[in-house]
Amino acid sequence: MKTEQYEFVLRRLATILAVGILTLSLIAAVTGILLAFYYEPAAGGAYDSLQAIANEVSNGWVILRVHDLAGNGLIAVSLIEIVVMFLGRQFTNSWLTAWISSILLTLTAIALGWTAMILDWTQLGYWRLSIELGTIEAIPFIGSQLRDIVTGGGAITTATVEHLYTLHSYILSVGAIAIALIHLGGLLVQERQQKQLQIKLAATNLAAESESAQAQNDPKSLSLSSAESQK
Ligand code: HEM
């Protein structure tokens, strides 16, 4: 009974977190689109445009703050979701879909944070990206090509900001929303399957109980069953 209750709580918690994940993705996407109205993906221009959003655009600082909170919150909540799903593992198809999608979602959320590193064109972002590009370059065989693809030529320039901005705002953000939908869908299907299973079990138990009660009350059935057992 205790295990059943524990599993129920974990299942519900996973579904609630999945709703939270989808909400955070949508909030980040909407605020990201609002930022895009004023953001300029260029070396130097990126910093100036974000300063203008924060100081000159009305409520611009709120949009920036909400985007940062939703984006970083998404990473945190999807990591918690992985733990909750692991504890309540079921090994049904719908659970596996939700489990794999939760891992993909966490990776996408981390990639969204990573691609945003240089989007503000600050000293911190620039030097952090320089160090991480060094790590990418150290990958055998494909390292230097990968660096060229990410940066658009090797050095960190406007092309780098444009490449990472494209990945961040068009590819990864759309991917995050799609995966969040699949994840929630998987969990909802799992909840429905579990409910149907419980109803089936309850019906079988009820039928077995009424059969044994009938057998006890009906003398004919008793004599019949004792005759059968004598045979
Ligand atoms: C699921 C959708 C999205 C997620 C999860 C997300 C996540 C993030 C994260 C984590 C950051 C870094 C915040 C920080 O710590 O400074 C960021 C920054 C940024 N994002 Fe997004 N983002 C999403 C969609 C978008 C879209 C659709 C756009 C634009 C079309 C966009 C534009 C930006 C810009 C311009 C920044 C730099 C702002 C800054 O550094 O303060 N994002 N995003």
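Refer to the structure printed above.
Residues numbered from 1 in each chain as written. Predicted model: local features only at pLDDT ≥ 70, side-chain atom pairs only at ≥ 80, totals over all residues. Heavy atoms only, no water.

What follows covers the coordination of the iron atom of the ligand. When four donors bind a metal tetrahedrally, each ideal donor-metal-donor angle is 109.5 degrees, and when six bind octahedrally, the ideal angles are 90 or 180 degrees. Coordination sphere of the iron atom of the ligand, protein contribution only: His67 (NE2) and His168 (NE2), at 2.0 Å. For the iron atom of the ligand, the 6 donor atoms in the first shell make angles of 85 to 180° at the metal, so the coordination geometry reads as octahedral. In this pair, His67 sits in helix 3 (residues 60-87) while His168 sits in helix 7 (residues 158-217), placing the two residues 101 residues apart along the sequence. According to the relative accessible area criterion, His67 is buried, its value standing at 16%. (Donors = N, O, S within 2.8 Å, 3.2 Å for Na, K, Ca; no water. Tetrahedral: all angles 85-135°; square planar, octahedral: opposite > 155°, others 65-115°. Helix = DSSP H or I, 4+ residues; strand = E, 2+ residues; numbered from the N terminus. Buried < 20%, exposed > 50% of the residue type's maximum accessible area, 1.4 Å probe, protein only.)

Below, the discussion takes up the site of the ligand. In the region of the ligand, 23 residues are neighbours, and Gly32, His67, Asp68, Asn72 and His168 sit closest. A distance of 2.7 Å separates a nitrogen atom of the ligand from a polar atom in the side chain of His67. Measuring from a nitrogen atom of the ligand, one finds a side-chain N or O atom of His168 at 2.8 Å. Sorting the residues of the shell around the ligand by element identifies helix 1 (2-36), helix 3, helix 4 (93-115) and helix 7 as the ones contributing at least two each. The element contributing the most residues to the shell around the ligand is helix 3, with 6 residues. Broken down by class, the residue content of the shell around the ligand amounts to 12 nonpolar, 9 polar and 2 charged. (Near = heavy atom within 4 Å. Polar contact = N/O pair within 3.5 Å; in protein donor to acceptor, adjacent residues only side chain to side chain. Nonpolar A, V, L, I, M, F, W, Y, C, P; charged D, E, K, R; others polar.)

When the terminal C-alpha atoms of helix 5 (residues 123-137) are compared, their 21 Å separation across 15 residues agrees well with the 21 Å that a helix rising 1.5 Å per residue should span. Every buried residue belonging to helix 5 is among Gly125, Leu129, Leu133 and Ile136, and all of these are buried. Projected down its long axis, helix 5 carries its buried residues within an arc of 70°, all on one side. Relative to its buried face, helix 5 has exposed residues pointing more than 90 degrees away, namely Gln123, Leu124, Trp127, Ile131 and Thr135. Buried positions along helix 5 lie against helix 4, helix 6 (143-151) and helix 7. (Expected span 1.5 Å × (residues − 1). Arc of directions from axis to C-beta. Contact = heavy atoms within 4.5 Å.)

A separate point is the environment of Val161. On the secondary structure map, Val161 appears in helix 7. The buried category is assigned to Val161, whose relative accessible area is 0%. Between the alpha carbons of Val161 and Leu119 there is a distance of 6.1 Å; along the sequence they are 42 residues apart. Contacts of Val161, omitting those with residues within four sequence positions, involve Tyr39, Pro41, Ala42, Ala43, Ile118, Leu119 and Trp121.

All right, on to the side chain of Ser101 then. The residue Ser101 is located in helix 4 in this model. Ser101 sits in the buried class, given a relative accessible area of 4%.

With that settled, the discussion passes to the side chain of Thr115. When you line up the elements, Thr115 lands in helix 4. Look at Thr115 and you get buried, because its relative accessible area is 3%. At a separation of 3.0 Å, a polar atom in the side chain of Thr115 contacts the main-chain carbonyl oxygen of Leu112. Leave out the neighbours within four places in its chain, and Thr115 touches Leu164, Leu167, His168 and Leu172.

Where helix 3 meets helix 7, the axes come as close as 13 Å, and the angle between the chain directions of the two elements is 35°. When you trace helix 3 past helix 7, the crossing you get is left-handed. When helix 3 is examined against helix 7, the residues His67, Glu81 and Met85 are found in contact with a partner set consisting of His168, His183 and Leu187. Each residue belonging to the contact of helix 3 with helix 7 can be placed in one class, and the counts come to 2 nonpolar, 3 polar and 1 charged. (Axes fitted to C-alpha atoms, helices over the stretch in contact; angles between N-to-C directions. Left-handed = near helix turned anticlockwise from the far one by under 90°.)

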